[in-house]
Amino acid sequence: KDIIPPLEQLMVEKEGYLQKAKIADGGKKLRKNWATTWIVLSSQKIEFYKESKQQALSNMKTGHKPESVDLCGAQIEWAKEKSSRKNVFQVRILRGNEFLLQSDIEFIILDWFHAIKNAIDRLPKD
Ligand code: I3P
């Protein structure tokens with residue numbers, strides 16, 4: 001039986017395209033591989049879609065699941081030293097997963113930084 005989560009958990013707070021690179025998985029460092037990614041922030045999680053939004057929506061009908069990270073206990077910080085690119089921040093989530101997000105356009109990355117930080121700050125720190 002499906003369990004329907006409370007509405008506030010389903011609400012999309014922000015979505016859009018950013019450059020994303022996963023840099024650690026389960027504490028293990030990964031080779032950096034930047035890719036344009038459609039990012040969907042809701043109150044508790046971020047979903048990453050490697051394809052376009054349109055493609056992602058059509059994949060969903062076939063039960064395809066996006067990569068999703070839980071923001072409970074996550075940490076966010078600017079990460080100038082982790083890339084030669086400008087406007088890069090890092091999100092570290094529980095269990096040793098880390099990724100970088102980047103945009104060449106400063107106001108876009110600032111909006112994303114504050115949106116994700118606010119979401120994290122509203123959640124319990126488990
Ligand atoms: C990486 C690629 C990344 C770069 C990274 C390189 O090389 O050029 O774009 O990160 O730098 O190692 P490869 O494709 O051979 O894996 P930035 O664009 O963020 O600088 P890094 O090793 O200093 O992280």
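Undergrad: Sorry, what's going on with the packing of aromatic side chains here?
TA: When we look at a pair of aromatic rings, we describe it by the centre distance and by the angle of the planes. Summed over the entire model, instances satisfying the criterion amount to five aromatic pairs. With a centroid separation of 4.8 Å and an interplanar angle of 35 degrees, the aromatic rings of W38 and Y49 are classed as tilted. Here the residue W38 occupies a position in strand β3 (residues 35–42), and Y49 occupies one in strand β4 (residues 45–49), the gap between them amounting to 11 residues. For the pair shown, W38 and Y49 are each scored as buried. Joined through ring pairs, the aromatic side chains of W78, F89 and F113 make up one cluster.

Undergrad: Even after reading the chapter, I still don't get the pattern of salt bridges, so can you show me in this structure?
TA: Where charged atoms of side chains with opposite charge meet at close range, the side chains can pair. With the rule as written, the count across this model stands at nine salt bridges. We note a salt bridge from E67 to K20, for which the minimum N-O separation is 2.9 Å. Taken together, the positions of E67 in strand β5 (residues 67–70) and K20 in strand β1 (residues 12–25) put the pair 47 residues apart, joining distant regions of the chain. D121 is the partner of K117 in a salt bridge, and the nearest nitrogen-oxygen pair spans 2.9 Å. Separated by four residues within a single helix, K117 and D121 lie in helix α3 (residues 106–122), roughly one turn from each other.

So, how was this worked out
Residue indices begin from 1 for each chain and proceed along its sequence in written order. Local features are withheld for residues below a pLDDT of 70 in this predicted model, meaning they are given only at 70 or higher, and side-chain atom pairs are given and counted only at 80 or more; totals for whole chains, interfaces and linings count all residues. Note that water and hydrogens are dropped before the side-chain values are worked out from all heavy atoms of the structure. Pairing of aromatic rings covers Phe, Tyr and Trp, the last through its six-membered ring, and needs centres within 6.5 Å; plane angles under 30 degrees mean stacked, over 60 mean edge-to-face, and all others mean tilted. Only DSSP runs of H or I reaching four residues or more are called helices, and only runs of E reaching two or more are called strands; each is numbered from the N terminus. Exposure is judged per residue with a 1.4 Å probe applied to protein chains only, and the accessible area is read against the type maximum: over 50% gives exposed, under 20% gives buried, and values in between give partly exposed. By definition, a salt bridge exists where a carboxyl oxygen of Asp or Glu is found within 4 Å of a side-chain nitrogen of Lys or Arg.

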